[in-house]
Amino acid sequence: MTNSAAPHLLPVFARADLGFERGEGCWLIATNGDRYLDFTSGVAVNALGHCHPHLIKALQEQATKLWHMSNLFQSPDGEKLANRLCNESFADFVFFCNSGAEALEGVIKLVRHHHFSKGHPERYRIITFEGAFHGRTLATLAATGSAKYLEGFGPPMEGFDQVPHGDIEAVKKAIGPHTAGILIEPIQGEGGVRSATPTFLKALRQLCDEKGLLLAFDEVQTGMGRAGDLFAYRRTGVTPDVMSLAKALGGGFPIGAVLATADAAAGMGPGSHGSTFGGNPLAISAANAVLDVMLKPGFFDHVQKMSLLLKQKLASVIDRHGDVVSEVRGEGLLIGIKAVVPSGDLVAALRNEKLLTVGAGDNVVRFLPPLIVTEAEIEDSVGRLERACAAISSSQTKRAAS
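What counts and how
- Residues numbered from 1 in each chain as written.
- Predicted model: local features only at pLDDT ≥ 70, side-chain atom pairs only at ≥ 80, totals over all residues.
- Heavy atoms only, no water.
- Helix = DSSP H or I, 4+ residues; strand = E, 2+ residues; numbered from the N terminus.
- Expected span 1.5 Å × (residues − 1).
- Buried < 20%, exposed > 50% of the residue type's maximum accessible area, 1.4 Å probe, protein only.
- Arc of directions from axis to C-beta.
- Contact = heavy atoms within 4.5 Å.
- Pairing = 2+ DSSP bridges.
- Core = buried A, V, L, I, M, F, W, Y, C linked by side-chain atoms within 4.5 Å.
- Domains from an automatic or database assignment.
- Axes fitted to C-alpha atoms, helices over the stretch in contact; angles between N-to-C directions.
- UniProt positions renumbered as here; feature names shortened; annotations may be inferred.

A. View of helix 8 (residues 198-211). A rise of 1.5 Å per residue sets the reference length of helix 8, with its 14 residues, at 20 Å; its end C-alpha atoms lie 20 Å apart and thus fit the reference within 8%. Taken together, the buried positions of helix 8 are occupied by F200, L201, L204, R205, L207 and C208. Projected onto a plane normal to the axis of helix 8, the buried residues spread over an arc of 165° and lie on a single side. Exposed side of helix 8, more than 90 degrees from the buried face: T199, D209 and E210 are the residues found there. As for helix 8, its buried residues are in contact with strand 5 (125-129), helix 7 (168-174), strand 7 (179-184) and strand 10 (214-218).

B. Spotlight on the pairing of strand 1 (residues 20-24). The sheet contact formed by strand 1 and strand 2 (residues 27-30) spans 4 bridges and is antiparallel. Residue pairing for strand 2: R22 is matched across the bridge by I29. Counting the residues between successive antiparallel strands, the hairpin from strand 1 to strand 2 contains 2 residues, one of them, G25, with a positive phi of roughly 60°.

C. Region of interest: the nonpolar core. Within the largest apolar cluster, 83 residues are counted, with the highest numbers of intra-cluster contacts made by V171, M224, M294 and F367. The residue makeup of this core includes at least three contributed by each of domain 1 (20-52 + 298-401) and domain 2 (66-295). For F367, the residues in contact, after removing those within four places along its chain, are F39, L310, L314, L333, L334, I335, I337, L350, L355, T357 and L385. One finds A103, F160, A216 and A264 within the second-largest nonpolar core, a separate group that totals 23 residues.

D. The arrangement of the sheet that holds strand 14 (residues 334-339) in detail. With antiparallel pairing, the 4 strands of this open sheet are ordered in space as 13-14-17-16. The open sheet terminates on both sides in strands that have one partner only, identified here as strand 13 (325-331) and strand 16 (358-360). Ignoring strand direction, the axes of neighbouring strands in this sheet form an average angle of 30°. Sheet analysis places strand 16 next to strand 17 (residues 364-367), joined by 3 bridges and oriented antiparallel. Looking at the pairing, G359 lines up with V365 of strand 17. The strands touched by helix 10 (residues 299-320) are strand 13, strand 14 and strand 17; relative to strand 13, the strand with the most contacts, the crossing angle is about 170°.

E. Fine view of the UniProt feature "binding site: N(2)-acetyl-L-ornithine" (unreviewed entry) in the protein chain. Those residues carrying the UniProt feature "binding site: N(2)-acetyl-L-ornithine" (unreviewed entry) are R136 and S275 in this numbering. A relative accessible area of 57% means that R136 is categorised as exposed. When residues no more than four places from it in sequence are discounted, the contact partners of R136 are A101, L141 and Y149. Assignment of secondary structure puts S275 in the loop between strand 12 (256-260) and helix 9 (281-294). Residue class for S275 comes out buried when judged on its relative accessible area of 18%. If sequence neighbours within four positions are ignored, S275 has contacts with N71, F95, F96, C97, N98 and E102.

Okay, structure coming up:
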């Protein structure tokens, strides 16, 4: 007999001692009934909040029709979603998968296969950047290049050259006869909410054009409205050849995607890639429902308005609590606060105030509210931040006096 009280989930997550039973918009209700303002959004996944009525309706209707039929057959709703994504982007083709890591695996394969199909199989290496996070599969860990994630899993997969973020001269030096492309996040989320400047991205685009390389954007976190537009690249003036999506694409239902131009996808014929569950009818219905909401007039105007309000309010907190927080960074509703104290302490203090946030690199705490957040909820979140900062300051004063 299995003891149901014993923990059987593999302990790979440092979980808070807190569980939830339901959600409503920007709020999560804990198992004890307490309400928490959710500025984590499942780490930038629940872009339309919890239990959005249009998403519920779409999934309930699809659940009575068809759950899975495999990619051996036509997918009319998948074609509809792919067409909508292509109409809103640079892409000619879309491949659907189940997660961000899978989408990045697809990007890596596509970039390499592009050169193979053009008679240059020696071109397989991809330039990536310090502070990046591209996933937890062996290939995406190698692309990420962080020692703390790679340790214990054997030699890193070959084919990635990591350079300092924002250093165009380092990129130039890294390009060689085996280079196939450059992979970058427009805004590093896990890396500390660090934005690549438009000047740097334009320089990467020019280098790729000059050297015959593919430019790939990882928009797993920045895509689907998080950065203030449907895709972050549309705000940079730089268009990639390949792009990964996931997280908010399904509004909470697992789905990822690889978007590519026809030229970039050259050679990706039957058998070159695949997925059992990728593009299943439930995921497709969720993603189409997300687009229904996001493509309505005024949606991204609201995101940008809430972004400006949140950044202004956070800056005022820094003015009053410079001993706890020191900087606001980010775009859209991918906002980071650089902490003076350990970021984990600030996340815990905010959780005590029933505001959920998530840490990042560079001692940053991310504020990732649902994109439907209201002015009142932003005001509420800032009040909770004020109280958390005051509690930390008071604790520091007491420790200093003792």
